[in-house]
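Listed below are the residues making up each chain.
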Amino acid sequence: MAEKRGRKSAYETKIMPRFDEIREWLINGASNENIAYNLGINMVTFYKYVKEKNEFNELLKNGRIAVVAQLRSALIKKAMGFEYQESKIIERTDPETGEKYQTVETYNKKALPDVAAINLALKNYDSENWSNDPQGDKLKREELELKKQKLEKDEW
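Here the structure is a predicted model, which is why all the values come from computation and not from measurement. (Residues numbered from 1 in each chain as written. Predicted model: local features only at pLDDT ≥ 70, side-chain atom pairs only at ≥ 80, totals over all residues. Heavy atoms only, no water.)

**Q** Whenever I open this one, the overall build of the chain confuses me. Can you help?
**A** A count of helices and strands for the chain gives seven helices and two strands. Ordering the α and β elements of the chain from the N terminus gives α-α-α-α-α-β-β-α-α. Taken over C-alpha atoms, the radius of gyration comes to 28 Å for the chain, far larger than the 15 Å a tight globule of 156 residues would show. Across its three principal axes, the chain shows a C-alpha extent of roughly 95 × 65 × 25 Å. The 156 residues of the chain split such that 17% are buried. (Helix = DSSP H or I, 4+ residues; strand = E, 2+ residues; numbered from the N terminus. Rg over C-alpha atoms; globule rule 2.2 N^0.38 Å. Buried < 20%, exposed > 50% of the residue type's maximum accessible area, 1.4 Å probe, protein only.)

**Q** Please explain the nonpolar core as it appears in this structure.
**A** Of all hydrophobic cores here, the largest spans 17 residues; its most connected members are Ile 15, Ile 22, Ile 35, Phe 46, Phe 56 and Leu 60. Put simply, the parts of the chain that give this core at least two residues each are α1 (10-15), α2 (19-27), α3 (32-39), α4 (43-52) and α5 (54-80). Element by element, the count of residues in this core is highest for α2, at four residues. With residues near it in sequence (within four places) discarded, Phe 46 still touches Asn 32, Ile 35, Ala 36, Ile 41, Phe 56 and Leu 60. (Core = buried A, V, L, I, M, F, W, Y, C linked by side-chain atoms within 4.5 Å. Contact = heavy atoms within 4.5 Å.)

**Q** Would you mind showing me how to read the environment of Asn 119 here?
**A** Counting through the fold element by element, Asn 119 comes out in helix α6 (residues 115-125). In sequence terms Asn 119 and Trp 130 are eleven residues apart; their C-alpha atoms lie 8.0 Å from each other.

**Q** Whenever I open this one, the packing of aromatic side chains confuses me. Can you help?
**A** Aromatic rings considered in pairs are described by the distance between their centres and by the relative angle of their planes. Counted according to the given criterion, the structure contains six aromatic pairs. On the numbers, 5.4 Å between centres and 80° between planes, the contact of Phe 46 with Phe 56 is edge-to-face. Here Phe 46 is found in helix α4, whereas its partner Phe 56 is found in helix α5, with ten residues between them in sequence. On the accessibility criterion, Phe 46 (0% relative accessible area) is buried. You can call Phe 56 buried: its relative accessible area is 0%. Ring geometry for Phe 82 and Tyr 84: centres 5.9 Å apart, planes at 45°, overall tilted. (Phe/Tyr/Trp six-rings, centres within 6.5 Å; stacked < 30°, edge-to-face > 60°.)

**Q** Is there a simple way to think about a nonpolar patch on the surface in this case?
**A** Taken together, Ile 76, Met 80 and Tyr 125 make up a surface patch of nonpolar side chains, about 330 Å² in accessible area. Position of Ile 76 among the secondary structure elements: in helix α5. Assessed through its relative accessible area of 38%, Ile 76 is described here as partly exposed. (Patch = residues over 30% accessible without salt bridge, like charges linked within 9 Å, V, L, I, M, F, W, Y side chains within 5 Å. Areas by Shrake-Rupley, 256 points an atom, 1.4 Å probe, with all protein chains shown as cover. Salt bridge = Lys/Arg side-chain N within 4 Å of Asp/Glu carboxyl O.)

**Q** Hey, could you run me through the pattern of salt bridges in this one?
**A** A side chain of one charge can pair with a side chain of the opposite charge when the charged atoms of the two come close. For the coordinates displayed, the defined rule picks out seven salt bridges. The salt bridge involving Arg 18 is made with Glu 21; its shortest N-O contact spans 2.9 Å. Judged by relative accessible area, which is 24%, Arg 18 ranks as partly exposed. Of the charged contacts, one joins Glu 86 and Lys 109 as a salt bridge, the two residues approaching to 3.1 Å between their closest N and O atoms. Here Glu 86 is found in strand β1 (residues 82-93), whereas its partner Lys 109 is found in strand β2 (residues 100-111), with 23 residues between them in sequence.

**Q** I keep staring at the pairing of β1 and nothing clicks. Help me out?
**A** Looking along a regular strand, one sees the side chains alternate between the two faces of the sheet. By the bridge criterion, twelve bridges tie β1 to β2 in an arrangement that is antiparallel. In the sheet register, Tyr 84 faces β2, and the bridge partner there is Lys 109. Two successive antiparallel strands, β1 and β2, enclose a turn made up of six residues, where Gly 98 displays a positive phi of approximately 80°. (Pairing = 2+ DSSP bridges.)

**Q** Explanation requested: the side chain of Asn 32 in the structure shown.
**A** One can find Asn 32 in helix α3. When sequence neighbours within four positions are dropped, the list of residues in contact with Asn 32 reads Met 43, Phe 46, Tyr 47 and Arg 64.

The analysis is restricted to geometry; functional conclusions fall outside its scope.
Encoded structure:
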């Protein structure tokens, strides 16, 4: 098989060598627009590479999977409440010598469960039982069932 000769594509010179950087940007929450800007390409080119270059598409998907897992974990932690330590530097003066010194005081604290996080988590993890509009959801399910039955009748 003959070797490919000629100039390398912009993808090979601008994008591929920066996969590690792109991965870091994704972990830090970069949007597609941020990534395209950092790479010095326009959005049309960016989406062309996403469509045509499987390894680039996979990099973007997998990079965001890690972020989603971290966000899910943070949401659940916030919904359940958690304990943490907080430290404070206190400046004091020795009454005998008048010398100033610092001490560190550490406190154990508890973040209470967050109602908004609980609501969001339940709507996502137990959507059958939790909704902002349970009656509306029930009506939509019934409507869908009726449409299904009508389609089945029409096919006969």
